[in-house]
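Residue strings, one per chain:
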Amino acid sequence: NDQLANRYVAALCKPHRTYVDVGAHIGSTLAEALHACPQVRIIAFEAIPDKAREVQSMFKDAQVLNYAVGETTGPVSFFIDGAHSACSSLARSGSNVHEIIIPGTTLDQLIDRDDVDLIKVDVEGAELGVV
């Protein structure tokens, strides 16, 4: 699924338009988008603070925001899976998770919809809340 998503995003990005990545994780889809279309504007959301900092350091021209995107704004509980960080989510699952409190937001709060050309959402079961 990840490889297929990367290919689709890369094929659909357009120069000087905005690509929004909700659930950027380690930035693999961002890398594909920039490789295919270096002039794309990127806004990425990543809930795990360390991952958000890493993605920002790798993609200097991207705007990387450390938020959990969903239906509401304000502080939210986020559960980091210690064994598989890609499986971290707003829902507690598994035994090897620890809870952090991070800012929550909606896409409408931070994104000008007229400028967005493409949105990728990969948030471990919370996709409907994002939309």
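Predicted, not measured: the structure shown is a model, and the values here were computed from it. (Residues numbered from 1 in each chain as written. Predicted model: local features only at pLDDT ≥ 70, side-chain atom pairs only at ≥ 80, totals over all residues. Heavy atoms only, no water.)

Attention shifts here to the layout of surface pockets. The space that makes up the largest pocket amounts to roughly 460 Å³. Lining the largest pocket are 28 residues, and of these Gly23, Ala24, His25, Ala86 and Asp122 sit closest to its centre. Put simply, the parts of the chain that give the lining of the largest pocket at least two residues each are α1 (2–12), α2 (28–36) and β4 (68–69). Of all the elements, α1 adds the most residues to the lining of the largest pocket, at three residues. (1 Å grid on protein atoms, 1.4 Å probe; cavity = no way out; pocket = protein on both sides within 12 Å on 5 of 7 lines; lining within 4 Å. Points joined across faces, edges and corners; volume = space filled by probe spheres on them. Helix = DSSP H or I, 4+ residues; strand = E, 2+ residues; numbered from the N terminus.)

On to the sheet that holds strand β5 (residues 74–81), then. The strands that make up a sheet are held in pairs by hydrogen bonds between backbone atoms, and each pair lies either parallel or antiparallel. Spatially, the three strands line up as an open sheet ordered β4-β6-β5, and their pairing is mixed. A strand with exactly one partner marks an edge of an open sheet, and here the two such strands are β4 and β5. Pairing of β5 with strand β6 (residues 97–105) involves eight bridges; the strand directions are antiparallel. Residue pairing across strands places Ile80 opposite His98, the latter belonging to β6. (Pairing = 2+ DSSP bridges.)

Here the structure, examined in full by the defined rule, presents four salt bridges. Taking the shortest distance from any N to any O, the salt bridge between Lys14 and Asp117 comes out at 4.0 Å. Taken as a pair, Lys14 in the loop between α1 and β1 (18–22) and Asp117 in strand β7 (residues 116–121) lie far apart in primary sequence, 103 residues in all. Close ionic contact of Arg53 with Asp50 constitutes a salt bridge, the shortest N to O distance being 2.3 Å. Of this pair, Arg53 and Asp50 both sit in helix α3 (residues 49–58), three residues apart, which is roughly one turn of the helix. The exposure class of Asp50 is partly exposed, given its relative accessible area of 47%. (Salt bridge = Lys/Arg side-chain N within 4 Å of Asp/Glu carboxyl O. Buried < 20%, exposed > 50% of the residue type's maximum accessible area, 1.4 Å probe, protein only.)

To describe two helices that pack against each other, one gives the angle between their axes and the distance between the axes. The geometry of α1 relative to α2 is characterised by a closest axis approach of 8 Å and an angle of 35° between their N-to-C directions. Viewed along their axes, α1 and α2 form a crossing whose handedness is right-handed. The residues of α2 that touch α1, namely those facing Asn6, Val9 and Ala10, are Ser28, Thr29, Glu32, Ala33 and Ala36. Across the contact of α1 with α2, the residue classes tally to four nonpolar, three polar and one charged. (Axes fitted to C-alpha atoms, helices over the stretch in contact; angles between N-to-C directions. Left-handed = near helix turned anticlockwise from the far one by under 90°. Contact = heavy atoms within 4.5 Å. Nonpolar A, V, L, I, M, F, W, Y, C, P; charged D, E, K, R; others polar.)

The next point concerns a nonpolar patch on the surface. A cluster of nonpolar side chains, Leu4, Tyr8 and Leu12, forms an exposed patch at the surface whose accessible area comes to about 310 Å². Looking at the secondary structure, you find Tyr8 in helix α1. Look at Tyr8 and you get exposed, because its relative accessible area is 52%. (Patch = residues over 30% accessible without salt bridge, like charges linked within 9 Å, V, L, I, M, F, W, Y side chains within 5 Å. Areas by Shrake-Rupley, 256 points an atom, 1.4 Å probe, with all protein chains shown as cover.)

Turning to unusual backbone geometry, a few remarks are in order. A positive phi angle, close to 65°, is found at His16, a residue other than glycine. Among the secondary structure elements, His16 is positioned in the loop between α1 and β1. Of note in this structure, His25 is not a glycine but carries a positive phi near 50°.

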